[in-house]
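Inside the fold
Each chain is listed here by its residues.
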Amino acid sequence: MAMTLARLRINLGAIAHNVRTIQGLLAPGAELMAVVKADGFNHGATRVARVALANGAARLGVATFEEALELRREGIEAPILAWLWSTHDEATVLRVIAAGIDIGVTSLEQAEFLAALMKAQPEGTTVRVSVKVDTGIHRSAMPVEDLGPALVVLREAPGVEISGLFSHLACADDPDNPETDAQAERFRAAIESGRRLGLELPLNHICNSAATLSRKDLHFGMVRPGLAIYGHEPILGHENDLIPAMTWESDITVVHPIKAGEGSSYSLTWRAPKDGYIAIVPMGYADGLPRNIQDHLEVGINGHLYPQVGRVCMDQIVVDLGDNPHQVSTQDVAVIFGEGGLDATTLATRMGSISHEIICRPKGPRIQRIYETAMPGASVAGDA
Ligand SMILES: Cc1ncc(COP(=O)(O)O)c(C=O)c1O
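An unreviewed UniProt entry annotates the chain as Alanine racemase originating from Corynebacterium spheniscorum. Per UniProt, the chain carries the Sequence similarities (unreviewed entry) text "Belongs to the alanine racemase family." Listed under Function (unreviewed entry) in UniProt, the entry text for the chain is "Catalyzes the interconversion of L-alanine and D-alanine. May also act on other amino acids."

Following this line, the structure appears as structure tokens:
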């Protein structure tokens, strides 16, 4: 691969460490499902999946069927649950069934569709489903009123195994919000109502990262963290010994002098307060750097933070080096976030966003992913 100007360094040792840290916090008997949707939160789904499975995760969770099929194509045989799909594409649903991927059923319509599809399949065809019930987030899950009918339809369908119920929390990142308890109560009631229909429902789950780390009482049979696996605290101010796995860094293409009063970048929104130096970092909004990061970003260079100034362009940003006391040159590397720079959570908070968004941003052919395993003692045995 040709050298790119910018790189995403992914520390698989950190992922291994985070998975084991989470594993150590689980309620007795609870399994860990590593959420590797959106290409493993932009860390590379297959690489993350292998490391997570080698360090204690029992299952993988993804959003789309295509994401699940890609993991299978890469040779991953562990149980995978996928929960974001439409009934329009029967061929893909059949491929998912054939690949032994568990289906998250999120509406009565999907339950009826799947039941009809299974009736038309050769005898012996099986599919395992988890039914996603809405307990308050009102997003992609079936209303409680539809749960009974959906479970009955699925129970009657040939070859359908219902492994349990799942749900998603709306406010778990705010530990004082009573909505989490209200959702948990509705979830328990939903499980009870399903069991009254005679279903065993052995594997139920509701915890994202925030609840996994802060609500052991809600672990049920499994937890479903994403963010924490990648090393970011989901609840601001909490500390669980997680290590961020991603660093976004770039070469510096030029260092220039600038005179007091001269402006830089579009619209000249920034002017040098005194004679000094600027550095050009060749990453812009085409690479996922938000244009409105202006005035929030500080770039790390050799252990020092320097403000990004002026407009973010398509391909570049400008960094104010002041008098350049540490002699930054084009031989140095600029860190946008991660090791040696701001951490993703700090940057996200400054921008009024969350670390989930920031780590998903750096993308495209101008950024190369580089995998590292630099964590002493961490097993990355699962990594190919
Ligand atoms: C259904 C579901 N479960 C689990 C997760 C993981 O959430 P988090 O990354 O906050 O742990 C997500 C991600 O948004 C999700 O959509």
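All right, on to the side chain of threonine 21 then. Locating threonine 21 in the fold gives a position in helix H1 (residues 12-23). Classification of threonine 21 by relative accessible area gives buried; the value is 17%. Look past the residues within four positions of threonine 21 in its chain and what remains in contact with it is Asn240, Asp241 and Leu242.

Next up on the list: the packing of helix H5 (residues 90-98) against helix H6 (residues 108-119). H6 packs onto H5 with a crossing angle of 70° between their chain directions and a minimal axis gap of 12 Å. One way to sum up the angle between H5 and H6 is to call them roughly perpendicular. Packed against H5, whose contacting residues are Glu90, Val93, Leu94 and Ile97, the element H6 presents Phe113, Leu114, Leu117 and Met118 at the interface. Across the contact of H5 with H6, the residue classes tally to seven nonpolar, no polar and one charged.

Around the ligand sit 14 residues, and of these Lys37, Ser209, Arg224, Gly226 and Leu227 come closest. One nitrogen or oxygen atom from the side chain of arginine 139 is found 3.4 Å from an oxygen atom belonging to the ligand. In this structure, leucine 227 approaches the ligand through a main-chain N or O atom, which is 2.9 Å from an oxygen atom. Protein chains bury 92% of the 390 Å² of accessible surface belonging to the ligand in isolation. When atom positions are compared with the pocket grids, the ligand is found to occupy the largest pocket. Of the residues that constitute the shell around the ligand, the class distribution is five nonpolar, five polar and four charged.

What follows is about the UniProt feature "binding site: substrate" (unreviewed entry) in the chain. UniProt marks Arg139 and Met314 with the feature "binding site: substrate" (unreviewed entry), using the numbering shown here. Across 176 residues of sequence, these annotated residues are also dispersed in space, with a maximum C-alpha separation of 33.6 Å. From the set just named, the residues that line the largest pocket comprise Arg139. Its location among the elements puts arginine 139 in the loop between strand E6 (127-132) and helix H7 (144-156). When residues no more than four places from it in sequence are discounted, the contact partners of arginine 139 are Lys132, Asp134 and His168. Within the element layout of this structure, methionine 314 appears in the loop between strand E16 (304-309) and strand E17 (317-322).

Below, the discussion takes up the sheet that holds E17. With mixed pairing, nine strands are arranged side by side in an open sheet as E11-E14-E17-E16-E15-E18-E10-E1-E19. Strands at the two margins of the open sheet, each flanked by one partner only, are strand E11 (254-258) and strand E19 (367-372). Strand after strand, the sheet turns through a mean of 35° between neighbouring axes, direction not considered. Note: strand E10 (residues 246-251) against strand E18 (residues 333-337), four bridges, orientation antiparallel. Bridging across to E18, serine 250 finds its partner in alanine 334. In this fold H1 packs onto strand E1 (6-11) and E19, with an angle of close to 35° to the strand it touches most, E1.

Reading the values: the criteria
Residues numbered from 1 in each chain as written. Predicted model: local features only at pLDDT ≥ 70, side-chain atom pairs only at ≥ 80, totals over all residues. Heavy atoms only, no water. UniProt positions renumbered as here; feature names shortened; annotations may be inferred. Helix = DSSP H or I, 4+ residues; strand = E, 2+ residues; numbered from the N terminus. Buried < 20%, exposed > 50% of the residue type's maximum accessible area, 1.4 Å probe, protein only. Contact = heavy atoms within 4.5 Å. Axes fitted to C-alpha atoms, helices over the stretch in contact; angles between N-to-C directions. Parallel < 35°, antiparallel > 145°, perpendicular 65-115°, else oblique. Nonpolar A, V, L, I, M, F, W, Y, C, P; charged D, E, K, R; others polar. Near = heavy atom within 4 Å. Polar contact = N/O pair within 3.5 Å; in protein donor to acceptor, adjacent residues only side chain to side chain. Areas by Shrake-Rupley, 256 points an atom, 1.4 Å probe, with all protein chains shown as cover. 1 Å grid on protein atoms, 1.4 Å probe; cavity = no way out; pocket = protein on both sides within 12 Å on 5 of 7 lines; lining within 4 Å. Sits in = over half its atoms within 2 Å of the grid points. Pairing = 2+ DSSP bridges.

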